[in-house]
Amino acid sequence: MKRGIVERDGELSALAGAVGSAARGAGSVVLISGEAGIGKSSLVEAVRAQLPAEGRMLVGYCDDLATPRTLGPFRDLTGSVGTELTQAVTDGSDRDRLLAALRAELDWAGHPTVLAIEDVHWADDATLDALRYLARRMAALPAVLILTYRDDELDREHPLHGLLGVVSRLDPVRRLPLARLSPGAVQRLSAGS
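Here is a short report on the structure shown in this document. In this text, all values refer to a predicted model and were calculated from it rather than measured experimentally.

**A short note on the nonpolar core**
So, step 1. Counting 38 residues, the largest nonpolar core has Phe74, Leu115, Ile117, Val120 and Leu145 as the members making the most contacts within it.
So, step 2. When residues of this core are traced back to their parent elements, those giving at least two are β1 (28-33), α4 (83-91), α5 (95-106), β3 (113-118), α6 (125-137), β4 (143-149) and α7 (160-168).
So, step 3. Here the element with the most residues in this core is α6; it accounts for six residues.
So, step 4. Contacts of Val120, omitting those with residues within four sequence positions, involve Cys62, Leu128, Leu131, Leu147, Thr148, Tyr149, Leu160 and Leu163.
So, step 5. With 21 residues, the next largest nonpolar core counts Val19, Ala46, Val47 and Val144 among its residues.

Take a look at the structure:
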């Protein structure tokens, strides 16, 4: 039995709305937060079904490493993006070139893009800077920037607060804090296992 998404209709509707707006050229930022294992990644994966045929989805990951990979989630995109962004990320020495390449990669009229960055609470400083840059420009791009993070791992000094502060002042931004599933939903998901 294939496991599906349950009790996330509101969140799926918000994501579908964001994708629809991006297809019309009006981008946005979506923040998906919640504890470990609550379904953030499953929700991100479900966005693929919301994309129009001409759309694309890019997913990068921040990893729980003692020394975070510089620009790790953007390095994950190499091979799935254009040569300019691939070269800018690989070279990594020219920040302005990287930021311009990121913006250009998402500014593909008629082809909405969903860029999901998973586990942003583990992002390095260079990634957080690039995301601040992108977030401020998303409204004018045919794209959706989805950021997932564990809100229960953020103390007062966590560097992610700077990015969240920038995003909170943007329009449009959609916040999707995920609640725990009901016992009935957990039972349906675990049936047959």
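**With respect to the side chain of Asp124**
So, step 1. Take Asp124: it is sitting in the loop between β3 and α6.
So, step 2. Nearest to the buried, unbridged Asp124 among oppositely charged side chains is Arg69, at 7.7 Å.
So, step 3. For Asp124, the side chain forms a polar contact with the main-chain nitrogen of Ala126, separated by 3.1 Å.

**Some words on the packing of α5 against α6**
So, step 1. Two elements in contact, α5 and α6, have axes whose closest approach is 10 Å; the angle formed by their N-to-C orientations is 45°. One element, α5, and the other, α6, form an angle in the oblique class. The hand of the α5/α6 crossing is right-handed. Of the residues in α6, those touching α5 at Arg95, Leu99, Ala100, Leu102, Arg103 and Leu106 are Asp129, Ala130, Tyr133, Leu134 and Arg137.
So, step 2. Of the residues in the contact of α5 with α6, the class split is seven nonpolar, no polar and four charged.

**Brief notes about the packing of α4 against α5**
So, step 1. Between α4 and α5, the shortest axis-to-axis distance is 9 Å and the interhelical angle comes to 150°. As judged from the angle between their axes, α4 and α5 are roughly antiparallel. Where α4 crosses over α5, the two elements pack in a sense that is left-handed. Contacts from Glu84, Leu85, Gln87, Ala88, Val89 and Asp91 of α4 reach α5 at Arg97, Leu98, Ala101, Leu102 and Glu105.

**Some points on the sheet that holds strand β2 (residues 56-61)**
So, step 1. With respect to topology, five strands assemble into an open sheet ordered β2-β3-β4-β1-β5, the strand pairing being parallel. At either end of the open sheet lies a strand with only one pairing partner, and these are β2 and β5 (173-177). Here the strands of the sheet are splayed against their neighbours by 15° on average, with no regard to which way each runs.
So, step 2. Taken together, the six bridges between β2 and β3 define a ladder with parallel strand orientation. The residue bridging Gly60 from the neighbouring strand is Ile117, located in β3.
So, step 3. Here helix α1 (residues 9-23) sits on the sheet and contacts β1, β3, β4 and β5; the angle it forms with β5, its principal contact strand, is near 160°.
So, step 4. Strand contacts of α6: β1, β3 and β4, with the helix running at about 140° to β4, the strand carrying the most contacts.

Conventions adopted
Residues numbered from 1 in each chain as written. Predicted model: local features only at pLDDT ≥ 70, side-chain atom pairs only at ≥ 80, totals over all residues. Heavy atoms only, no water. Core = buried A, V, L, I, M, F, W, Y, C linked by side-chain atoms within 4.5 Å. Buried < 20%, exposed > 50% of the residue type's maximum accessible area, 1.4 Å probe, protein only. Helix = DSSP H or I, 4+ residues; strand = E, 2+ residues; numbered from the N terminus. Contact = heavy atoms within 4.5 Å. Lys, Arg positive; Asp, Glu negative; His and termini not counted. Salt bridge = Lys/Arg side-chain N within 4 Å of Asp/Glu carboxyl O. Polar contact = N/O pair within 3.5 Å; in protein donor to acceptor, adjacent residues only side chain to side chain. Axes fitted to C-alpha atoms, helices over the stretch in contact; angles between N-to-C directions. Parallel < 35°, antiparallel > 145°, perpendicular 65-115°, else oblique. Left-handed = near helix turned anticlockwise from the far one by under 90°. Nonpolar A, V, L, I, M, F, W, Y, C, P; charged D, E, K, R; others polar. Pairing = 2+ DSSP bridges.

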